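What the coordinates show
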Amino acid sequence: MSLRKLIVNKTMAALAVLFTVFSSANAFAQEAAAAATAKPVDMGPIHKSALFYVLLFLLLCLFIAIVGKALKVYELTRETQGKPEGINWNTVNAVLFALFLIVGLYGVYWEYTVHGNMILPEAASEHGKRIDEMFNLTLIITTIVFIVTHIVLFVFVYIYRSSDKRKAYYYPHNNTIEKIWTIVPALVLTLLVLKGFLTWRSIFYKAEDANNRPINIEVVSSQFLWDIRYPGPDAIVGKRNYKLTTAINGLGIDFNDKNSLDDLIADEIVLPVNKPVRFTLASKDVIHSFYMPHFRVQLNTVPGMVSYFEFTPTVTTEEMRTKTNDPKFNYILLCAKICGTNHFNMQKNVRVVSEAEYKEWLAAQTPYLTNDLRKAFNLPIPVEAAPAATEEAPAADTTATAAAVKLDVKNQLALKK
């Protein structure tokens, strides 16, 4: 028997197939047995890598391409055989559009029900309620328009799909329709913009109430921290001058301004509830963004420019913890600008408390003007009060103590002039 006849012989071909199947089955069995005795492989790191999902996407694209090529071969085969078209692609595309509409509408529902529960709680400031009303109104209008227009779009694609049994009607122009979809959106957008403009003016252009003046707080941003300065008993935050910035005077406070002498430095922002607060915002290096989301407050801090934001907190921290059912809830100050590598960590704790708690906290804060700064700026250092007399330690000379107190008072009066 020649080699060619041996190869094409049916019996030999069948034996070759059986041998191949047996070898493959044996190899698979050995591999399965080895896998059963081997230590399971942790696929977690692989599933978390970006390369895994890239390869998965490419595999999906390859599968779609193979299916497309197979369908193309099927169509070409029918065409060469003189048979009619096997797949009506117009109907297939119309059905796909209808399915896409259903899936898309469910996606909208899912976004509202799932991600909608992740939004911020109610606004904790007076102006924040107006901002939320404006946001909700815009969201309702755009959602209705989005759903209606997409239903019309996809339903028309399905109903009026291409067909050999009918011909498309030529309808080039309609002035009435043009006027409707030009004037109606213009009116709606005008109302939304006008509402936004009036809301903005109500926040930034307030009539000052002499009986309820806001608390002035200065916040200076830098990479990557917030410096907070509260006024002292004079209720006025002193001036800054960047030219005076040194290692010990990091904010560049101008101590020639008498209002700077009693200012306080704080590690957190504490606000009294239902009391207006006016923030003076500045930056030492790059543009940052003063962002307190729960109060609906956001304003850029720009180097070389001072900006202001005034608002009234209406919900204390404890009240918000009760409303959110979160005992660990805290208001927070963030930077909303990508200002550098450590931008994510540029945060400050914010607390809203009662008036009494605020006064108690403010009394415990540290003055910005330290003895080192007094020495650097040639300011008098106050004399510490003498310890009270005891049986073990006799009282100091009252005459000397009275003289020292008078001297300190004179120095302070001189600085205030």
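Reading the values: rules and limits
Residues numbered from 1 in each chain as written. Predicted model: local features only at pLDDT ≥ 70, side-chain atom pairs only at ≥ 80, totals over all residues. Heavy atoms only, no water. UniProt positions renumbered as here; feature names shortened; annotations may be inferred. Helix = DSSP H or I, 4+ residues; strand = E, 2+ residues; numbered from the N terminus. Axes fitted to C-alpha atoms, helices over the stretch in contact; angles between N-to-C directions. Parallel < 35°, antiparallel > 145°, perpendicular 65-115°, else oblique. Left-handed = near helix turned anticlockwise from the far one by under 90°. Contact = heavy atoms within 4.5 Å. Nonpolar A, V, L, I, M, F, W, Y, C, P; charged D, E, K, R; others polar. Buried < 20%, exposed > 50% of the residue type's maximum accessible area, 1.4 Å probe, protein only. Polar contact = N/O pair within 3.5 Å; in protein donor to acceptor, adjacent residues only side chain to side chain. Pairing = 2+ DSSP bridges. Salt bridge = Lys/Arg side-chain N within 4 Å of Asp/Glu carboxyl O.

Per an unreviewed UniProt entry, the chain goes by Cytochrome c oxidase subunit 2 and derives from Pedobacter ureilyticus. Here is the UniProt Catalytic activity (unreviewed entry) comment for the chain, exactly as written: "4 Fe(II)-[cytochrome c] + O2 + 8 H(+)(in) = 4 Fe(III)-[cytochrome c] + 2 H2O + 4 H(+)(out)".

In the numbering used here, UniProt assigns the feature "transmembrane region" (unreviewed entry) to residues 50-71, 92-110, 137-160 and 180-200. The span residues 50-71 is 100% helical and 0% strand by assignment, and the distance between its end C-alpha atoms comes to 32 Å. Across residues 180-200, helical content stands at 100% and strand content at 0%; the span's end C-alpha atoms are separated by 30 Å.

Before going further, it helps to spend a moment on the packing of helix 5 (residues 89-113) against helix 6 (residues 126-159). Two packed helices can be described by the angle between their axes and the distance between those axes. One way to put it is that helix 5 packs onto helix 6 with a least axis distance of 8 Å and a crossing angle of 165°. It follows that helix 5 is roughly antiparallel to helix 6 by the angle criterion. Considering the relative orientation of helix 5 and helix 6, their crossing is left-handed. Two secondary-structure elements touch here, helix 5 through Ala94, Val95, Phe97, Ala98, Phe100, Leu101, Leu105, Val108 and Tyr112 and helix 6 through Leu139, Thr143, Phe146, Ile147, His150, Ile151, Phe154, Val155, Val157 and Tyr158. Classifying every residue of the contact of helix 5 with helix 6 by side-chain character gives 17 nonpolar, two polar and no charged.

On to the side chain of Ser283, then. Relative to the assigned elements, Ser283 resides in strand 5 (residues 277-283). A relative accessible area of 9% places Ser283 in the buried class. A polar side-chain atom of Ser283 sits 3.4 Å from the main-chain amide nitrogen of Asp285. A distance of 2.5 Å separates the side chain of Ser283 from the backbone oxygen of Val286, its partner in a polar contact. For Ser283, the contacting residues outside a window of four places in its chain are Ser221, His288, Thr301, Val302, Pro303 and Gly304.

Pairing within the open sheet is mixed, and its six strands lie in the order 8-5-1-2-3-11. Of all the strands in the sheet, the pair left with one neighbour each is strand 8 (307-311) and strand 11 (366-367). Strand direction decides the pairing type here: strand 3 (residues 264-266) and strand 11, joined by two bridges, are antiparallel. Its bridge partner being in strand 11, Ile265 is matched across the sheet by Thr366. Docked against the sheet, helix 9 (residues 355-363) engages strand 1 (215-222), strand 2 (225-230) and strand 3, running at close to 100° with respect to strand 2.

The subject of this paragraph is the pattern of salt bridges. One pass over the full model with this rule turns up seven salt bridges. In this structure, the salt-bridge partner of Lys323 is Glu122, at a minimum N-O distance of 3.3 Å. Residue Lys323 is located in helix 8 (residues 317-324), and its partner Glu122 is located in the loop between helix 5 and helix 6; the two are separated by 201 residues in the primary sequence. Judged by relative accessible area, Lys323 falls into the partly exposed class, the value being 48%.

This part covers the environment of Pro276. Turning to its location among the elements, Pro276 is positioned in the loop between strand 4 (269-272) and strand 5. A C-alpha to C-alpha distance of 5.6 Å links Pro276 and Phe311, two positions 35 residues apart in sequence.

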